Amino acid sequence: MTNKEEQTSEVSCEMTQEPSTKVTSETKEEPSKEVTSETKEELSSKKPSETMTIQKEEPTPELLSKIRKQVEFYFGDVNMQRDKFLIEQTGLDEGWVPMTVMLNFKILASLSKDVEIILKALEDSELIEISEDKKKIRRSLDKPLPTYDDEYKKNQEKRTIYLKGFPLDSTIDALKAYFESEESIESIVMRKYKKDKNFFFKGSIFMQFKTYEDAKKFFDQESIKFNDTQLVKMWLVDYVKMKETEKSERQSKKNKNQKNKKQDSEEQDGNENKFKIPTGSILKITDIKEDITRENMKEKLAEMNLEVAYIDYKTGDGLGYLRLVGENSAKELMDKLTDGQWEVKDCTIKCEPVVGEEEKQYLKKIEEGQLSHRNRRHFNRNGSKGFNGKRGFKRNRSPFKNDAKKQRLDN
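By the naming in an unreviewed UniProt entry, the chain is HTH La-type RNA-binding domain-containing protein, taken from Trichogramma kaykai.

A. Up close: helix H12 (residues 212-219). Those residues of H12 that sit buried are Ala-215, Phe-218 and Phe-219. The arc enclosing the buried residues of H12, seen along the axis, measures out at 95 degrees, which places them on a common side. Facing away from the buried side of H12, by more than 90 degrees, are the exposed residues Glu-213 and Lys-217.

B. How the structure looks around the sheet that holds strand E14 (residues 319-324). The strand order across the open sheet built from 5 strands is E13-E14-E12-E16-E15, with neighbouring strands paired in antiparallel fashion. Taken across any chain shown, the strands that pair with only one partner, and hence form the sheet edges, are strand E13 (308-312) and strand E15 (341-344). With strand direction ignored, the average angle separating the axes of adjacent strands in the sheet is 30 degrees. Examined bridge by bridge, E15 and strand E16 (residues 347-353) share 4 bridges and lie antiparallel to one another. Residue pairing in the sheet places Gln-341 in a bridge with Lys-350 of E16.

C. Highlighting the pairing of strand E3 (residues 136-139). The pairing of strand E1 (residues 97-98) with E3 spans 2 bridges and is classified as antiparallel. Looking across to E3, one finds that Pro-98 is bridged to Lys-136. In this sheet, E3 lies alongside strand E2 (residues 128-130) in antiparallel orientation, the contact comprising 3 bridges. Across the sheet, residue Glu-129 finds its bridge partner in E3, namely Arg-138. Linkage of E2 to E3, two consecutive antiparallel strands, is achieved through a turn of 5 residues, within which Lys-134 is found at a positive phi near 60 degrees.

D. Representation of the packing of helix H5 (residues 61-74) against helix H9 (residues 115-122). Where H5 meets H9, the axes come as close as 8 Å, and the angle between the chain directions of the two elements is 80 degrees. As judged from the angle between their axes, H5 and H9 are roughly perpendicular. Facing Leu-64, Ile-67, Arg-68 and Val-71 of H5, the residues of H9 in contact are Ile-117, Ile-118, Lys-120, Ala-121 and Leu-122. Grouping the constituent residues of the contact of H5 with H9 by class yields 7 nonpolar, no polar and 2 charged.

E. Layout of the pattern of salt bridges. If you walk through the whole model with that rule in mind, you get 14 salt bridges. Arg-68 is the partner of Glu-72 in a salt bridge, and the nearest nitrogen-oxygen pair spans 3.1 Å. Taken together, the residues span about one helical turn, with Glu-72 and Arg-68 both in helix H5 at a distance of 4 residues. Since its relative accessible area comes to 18%, Glu-72 is described here as buried. Taking the shortest distance from any N to any O, the salt bridge between Lys-216 and Asp-220 comes out at 2.8 Å. Among the residues examined, Lys-216 registers a relative accessible area of 37% and is labelled partly exposed. One network of salt bridges, with partners in common, ties together Lys-69, Glu-180 and Glu-183.

Definitions and limits used
- Residues numbered from 1 in each chain as written.
- Predicted model: local features only at pLDDT ≥ 70, side-chain atom pairs only at ≥ 80, totals over all residues.
- Heavy atoms only, no water.
- Buried < 20%, exposed > 50% of the residue type's maximum accessible area, 1.4 Å probe, protein only.
- Helix = DSSP H or I, 4+ residues; strand = E, 2+ residues; numbered from the N terminus.
- Arc of directions from axis to C-beta.
- Pairing = 2+ DSSP bridges.
- Axes fitted to C-alpha atoms, helices over the stretch in contact; angles between N-to-C directions.
- Parallel < 35°, antiparallel > 145°, perpendicular 65-115°, else oblique.
- Contact = heavy atoms within 4.5 Å.
- Nonpolar A, V, L, I, M, F, W, Y, C, P; charged D, E, K, R; others polar.
- Salt bridge = Lys/Arg side-chain N within 4 Å of Asp/Glu carboxyl O.

Below is the structure:
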């Protein structure tokens, strides 16, 4: 008996000895018909691709391009300047980072979790190297990182553009997709502000280019749009200067207002205990809706960079007085209004500076009220020990405590 015959008989025996199968002449003939030396040779000669019906779907060129750009961003000059985690990883094994670590990057993982596809996307990359065992990647040693010194940061600023006018619900993916044709863009940074532990897009970005020449070519376009919206453009260096000037002006104005506020609260004449209220700082406000509050007005004034000293208004009255900080500050507010109309929420408030005799009488009333308040406060601090002076009895310090104790002892 040959080896092939031994194999055939073994298979036949195994099948006929199955406890759950009824053995008939038909069932005995069927196994020997199916399993023969010829069928075994036929099966062994077939390629795996002929026996496998499930094939892996090929990635699209668009997906491969997105993956390559994302990985190149991770290892690019901009990200490697600030990404502490990746900097730490590249320092462990001569720059190599395992693919198992790379899959922890959320944006990359959202594009693909298949290592083969990711490596396929990086085959044509000029920045990324793939290890021989296909398990690690690193930034090419032929492209060392720059020295992140002051000179580098200065050059970085020169090739960065500020753009404003994007929808507030924009995403980084939408921005990248829109500017995808601009191959010279090195990074896009969305400017955000924090509120209640959440970050919100300001509608503006910093766009950094690979070279100054690339940035200038983009900037010199007659019109830069996002969809149908015309964008405001500025060089980053000009934007920084503008913000520094605005900050300096705000600080100067704040210092001036604090000085004026201090003058408002101090005695101008120590002998007569009189207060000096700056003139030209009061406005009469009318046509106020019932739901408008003083807080609504304060918020609006803050947006206009105006500091309020006091709002003499009771909700629902329809009329009140607004006193700002600083000499002739009422005129400053009026210059920012159109026809003396001040928009607060959904209400148009009519504003009118208080001048002449009316101003004198109103200022006199304020000064008398402040003087009276100061005298009461001074008296409470030095004379009275009641509640107004905040020097009442401490807890468990009853004036009858000793008598009560004596009575307990007597009993």
